[in-house]
Amino acid sequence: MSQLLEAFRLAQLPDAAEAFRAEVRDFLATNLAPAAPAVRARTWMGFDAAFSRRLAQRGWVGITLPAAYGGAGLDAFRRFVLVEEMLAAGAPVAAHWIADRQSGPLINKFGTEAQKDFYLPRICRGEAFFCIGMSEPNAGSDLASVRTRATRVDGGWRLTGRKIWTTNAQRSHYMIALVRTSGAPEDRHGGLSQLIVDLSLPGIQVRPIVDLTGDAHFSEVTFDDVFLQDDALIGDEGSGWMQVNAELAFERSGPERLYSSVVLLDTWMQSLRRTGFTPADAVLLGGFTTQLATLRSLSIAVTTKLARGESPVVEAALVKDIGTEFEQAIPAAIEAAVAADPARGAEVDADLHRTIAYLSQISPTFSLRGGTREILRGMIARGLGLR
Amino acid sequence: MFTEAIEAILVDHCTPAAIRAIENGGSATALWGALAESGFLELMASEDAGGAGLDLDAVFPIFVAMGRHAVPVPAAQRIAARALLGDVAPPPGLLTLAGHAQRAADGSVSAAHVAFGAIADHVLANLDGQRVLLDAARAQRTTSGIRGSLGASLRWTADAVGAPVGDNGAQVAVFSAALHAAALAGAMERLFAMTLGYCNDRVQFGKAIGKFQSIQHQLSVMAEHVACAGVAAELAFKAGEKIPPLLAAATAKARTSASVPLVASTAHALHGAIGVTEEFDLQLYSRRLHEWRMADGSETYWNRIVGEALLGSATPSVLQFTMEEIL
């Protein structure tokens, strides 16, 4: 068997992580206002700065960051539990999500002491929200071809270019942007760097893009000769490609790749309990349950490697690819099941229909964010020794 | 430790040639004898009864190995029977399991699609929720007629059906499903390894076919489904338990079975025509995937059991049910 598949042995969350789950549930019970399922289904697109600050006051933003910077210093297992419980409840996590998951850990790993002192406590207090500046018009998944350029000038950098599909840039304080600091797009990975951009600076324009559900969760960001101080550079000049891949590993390795449609699954289950169900409904619901149990076990196997200090990049890609398939299958199948008999629709469950509609419409993004299906399958193939 | 030792026996005695010979009506005595003499069939018997007293998580890799080697005798069933029967010693000879035997109005008993029903000496059956040991020599056997299959449907007249040896017959169905889940995981590992190896070796258009992106993506997806099957099968084999819990076994059988169509068809697609020939070994495993997907109920059957249990519970969320009842 390939080494990659050997990584997926059954593992349990440690008792301490399970004990932490009770704390998380208590917190959510008192701090999460009841909301309609179609609102809760937005969970990691749901932006609620007040909720994020309450979570930060509880000490749970910057979950894995060191206590010295105000972080919770929790291990990967407890992060798994916190994320899982918040997404299952449909908590609006978008405000602090990216800083917590990837920008904070990236700064902690590659930043200078001054950068850590400046940004990390703000992240942990829920005062600094981040967005990810990777994609560009015409570049899309091909990050090596980014054209946004930062040029060295006296005392700093001049930044010009455009980023797109940037989640919540219009509500964030900072962006960590992957830009070209030397060479040309033909150089591919060479000459790329990451810069922390204060989005309030002159010369920056943020244009929200309304999506098909009516939300505006992503945006287009234009940099017109923006001046950045020297200390905007994170990590080493020219190391952007390596750093961005480390960051993407943070983005892909968590349990969030399984739970995007779980509010719908629960809503449908409760509707079936009220209105009765066919054997086909039970088969379908049971199938999602057995698949969830399986995928969660795979995800815990990845988390176990993370907790041991390993960097399970390929394993995370594998779980993300099949996890997003699961997330996308749920609204598609429930759409079919709920409308399987038009005569049965007399009592329209508007909440259920709105939740199905939202997820059916937005689910194409599940396999885009954090790396498309094709990119991930290429990574898995590399892990299998095929490239 | 046990797994390496049993693998060594299987490498020696369960060769592709030996599998073909038994599938073609040859004697299973040599292979069965090698497994019995080694003591491996008693792994789940208590130490007092001369066994190793192993629980489920310790025998899991052995059950997977049975699938990886396409073992053409009911060795996994016999190991499980030791756990199912408790203090009752199983009779000598090839013993298999029938999880869903039915009693007719005239007292006759039938068991449909019994794994190894064509060659078994005894059947441990679930009959009306009780455990019954049946002498296969006294059964009317109807083989499936499927080439190479050792499965058969069996029917006993009323006078050939003895008294139950215990209750909890339902455990027979659950354990039989769980061991088929493990066998599926093992056979899928083997199919994946064969397919990966083939794609690295087979040259077309001037390079190994594994260098083509479309082939790489098919192998990546196949790997995902093999990984799912592996971890799902393991869910049924809980540490400290002798009998798989119902919903964990249901999950294991459902999810491994669900992987079958994609894993089998991808293996065959990437092998091309050679894959469907008798002489190439791929078919030894891919035929079994389809047979084992149906054995003891497909994913449709087991998913329904899980779905109805979930709908019948008071749990507010699928995740909570999964954590409390399956994992």
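Remember, it's a predicted structure, so these values are computed and weren't measured experimentally.

1. Thoughts on the overall build of chain A
For step 1, the next point in the chain: Broken down by element type, chain A carries 13 helices and eight strands.
For step 2, the next point in the chain: Taking 387 residues into account, the globule formula puts the C-alpha radius of gyration at 21 Å, and chain A, at 21 Å, falls close to it.
For step 3, the next point in the chain: The proportion of buried residues among the 387 residues of chain A is 58%.
For step 4, the next point in the chain: The long-range share in chain A, meaning contacts at least 24 apart out of those at least 6 apart in sequence, stands at 77%.
For step 5, the next point in the chain: Here chain A displays about 14,700 Å² of accessible surface, and carbon together with sulfur accounts for 52% of that area.
For step 6, the next point in the chain: Positive and negative side-chain charges in chain A, numbering 40 and 44 respectively, have mean positions lying 1 Å apart.

2. What to know about the pairing of strand β6 (residues 152-156) of chain B
Residue and element names in this part refer to chain B.
For step 1, the next point in the chain: Burial along β6 is one-sided: the residues Ala-152, Leu-154 and Trp-156 are buried and none of Ser-153 and Arg-155 is.
For step 2, the next point in the chain: Note that strand β2 (residues 109-114) and β6 share four bridges and pair antiparallel. Bridge pairing in β6 links Val-109 to Trp-156.
For step 3, the next point in the chain: Relative to β6, strand β5 (residues 140-143) is paired through four bridges, and the arrangement is antiparallel. When the sheet's bridge partners are listed, Arg-141 is paired in β6 with Leu-154.

3. Some thoughts on the pattern of salt bridges
For step 1, the next point in the chain: Under the definition given, this model contains 41 salt bridges over all chains.
For step 2, the next point in the chain: The salt bridge partner of Arg-9 of chain A is Glu-234 of chain B, with a shortest N-O separation of 3.2 Å. One end of the pair, Arg-9 of chain A, is in the loop between α1 (3-6) and α2 (15-31); the other, Glu-234 of chain B, is in helix α7 (residues 213-235), on a second chain.
For step 3, the next point in the chain: Its salt-bridge partner being Arg-21 of chain A, residue Glu-18 of chain A comes within 2.8 Å of it at the nearest N-O pair. In this pair, Glu-18 of chain A and Arg-21 of chain A are both assigned in helix α2, three residues apart and thus about one turn of the helix distant.
For step 4, the next point in the chain: The partly exposed category is assigned to Glu-18 of chain A, whose relative accessible area is 33%.

4. A few points about the packing of helix α6 (residues 94-110) of chain A against helix α8 (residues 240-252) of chain A
All names here are of chain A.
For step 1, the next point in the chain: Relative to each other, α6 and α8 sit at 135 degrees, their axes nearing to 9 Å. By the criterion of interaxial angle, the relationship of α6 to α8 is oblique. The two elements α6 and α8 meet at a crossing, and its hand is right-handed. For the pair α6 and α8, contact is made by Arg-101, Gln-102, Pro-105, Leu-106, Lys-109 and Phe-110 and by Met-242, Gln-243, Ala-246, Glu-247, Phe-250 and Glu-251, respectively.
For step 2, the next point in the chain: Within the contact of α6 with α8, the residues separate by chemical class into six nonpolar, two polar and four charged.

5. Topic: unusual backbone geometry
All names here are of chain A.
For step 1, the next point in the chain: Residues other than glycine seldom take positive phi values, yet Arg-188 does so here, at roughly 55 degrees.
For step 2, the next point in the chain: Tracing the backbone shows Arg-188 in the loop between β4 (174-180) and β5 (192-198).
For step 3, the next point in the chain: For Arg-188, a relative accessible area of 38% corresponds to the partly exposed category.
For step 4, the next point in the chain: Located in the positive-phi region is Asp-225, a residue other than glycine, with phi close to 55 degrees.
For step 5, the next point in the chain: Tracing the sequence through the fold places Asp-225 in strand β7 (residues 218-229).

6. What about the sheet that holds β2 of chain B?
Residue and element names in this part refer to chain B.
For step 1, the next point in the chain: Read from one edge to the other, the open sheet built from seven strands follows the order β5-β6-β2-β1-β3-β4-β7, with strand pairing classed as mixed. Edge positions in the sheet fall to β5 and β7 (166-167), since each of these pairs with one other strand and no more.
For step 2, the next point in the chain: The pairing of strand β1 (residues 95-103) with β2 spans two bridges and is classified as antiparallel. If you follow Gln-102 over to β2, its bridge partner there is Ser-110.

7. Some words on the packing of aromatic side chains
Residue and element names in this part refer to chain A.
For step 1, the next point in the chain: Under the criterion given, the structure shown has 18 aromatic pairs over all chains.
For step 2, the next point in the chain: Plain terms: the ring middles of Trp-165 and Phe-218 are 5.2 Å apart, the flat faces sit at 65 degrees to each other, and that makes the pair edge-to-face. Within this pair, whereas Trp-165 is found in strand β3 (residues 156-167), its partner Phe-218 is found in strand β7, the two being separated by 53 residues in sequence.
For step 3, the next point in the chain: What makes Trp-165 partly exposed here is its relative accessible area of 45%.
For step 4, the next point in the chain: Between Arg-42 and the ring centre of Tyr-358, over which it is positioned, the NZ or CZ distance is 3.9 Å.
For step 5, the next point in the chain: A cation over an aromatic ring shows up here: Arg-122 above the ring of Phe-118, its NZ or CZ 3.9 Å from the ring centre.

8. With respect to the nonpolar core
For step 1, the next point in the chain: Judged by nonpolar contacts, the single largest core of 197 residues is most densely connected at Phe-130 of chain A together with Phe-175 and Leu-219 of chain B.
For step 2, the next point in the chain: Top element by residues in this core is helix α6 (residues 170-201) of chain B. It accounts for 18 residues.
For step 3, the next point in the chain: Core analysis: the next-biggest nonpolar cluster, separate from the first, contains 18 residues, Trp-157, Leu-195, Val-197 and Val-226 of chain A among them.

Cut-offs applied
Residues numbered from 1 in each chain as written. Chains lettered and ligands numbered in written order. Predicted model: local features only at pLDDT ≥ 70, side-chain atom pairs only at ≥ 80, totals over all residues. Heavy atoms only, no water. Helix = DSSP H or I, 4+ residues; strand = E, 2+ residues; numbered from the N terminus. Rg over C-alpha atoms; globule rule 2.2 N^0.38 Å. Buried < 20%, exposed > 50% of the residue type's maximum accessible area, 1.4 Å probe, protein only. Contact = heavy atoms within 4.5 Å. Areas by Shrake-Rupley, 256 points an atom, 1.4 Å probe, with all protein chains shown as cover. Lys, Arg positive; Asp, Glu negative; His and termini not counted. Charge placed at Lys NZ, Arg CZ, Asp CG, Glu CD. Pairing = 2+ DSSP bridges. Salt bridge = Lys/Arg side-chain N within 4 Å of Asp/Glu carboxyl O. Axes fitted to C-alpha atoms, helices over the stretch in contact; angles between N-to-C directions. Parallel < 35°, antiparallel > 145°, perpendicular 65-115°, else oblique. Left-handed = near helix turned anticlockwise from the far one by under 90°. Nonpolar A, V, L, I, M, F, W, Y, C, P; charged D, E, K, R; others polar. Phe/Tyr/Trp six-rings, centres within 6.5 Å; stacked < 30°, edge-to-face > 60°. Lys NZ or Arg CZ within 6 Å of the ring centre and 35° of its normal. Core = buried A, V, L, I, M, F, W, Y, C linked by side-chain atoms within 4.5 Å.

Such coordinate-based values are descriptive only and should not be taken to indicate function.
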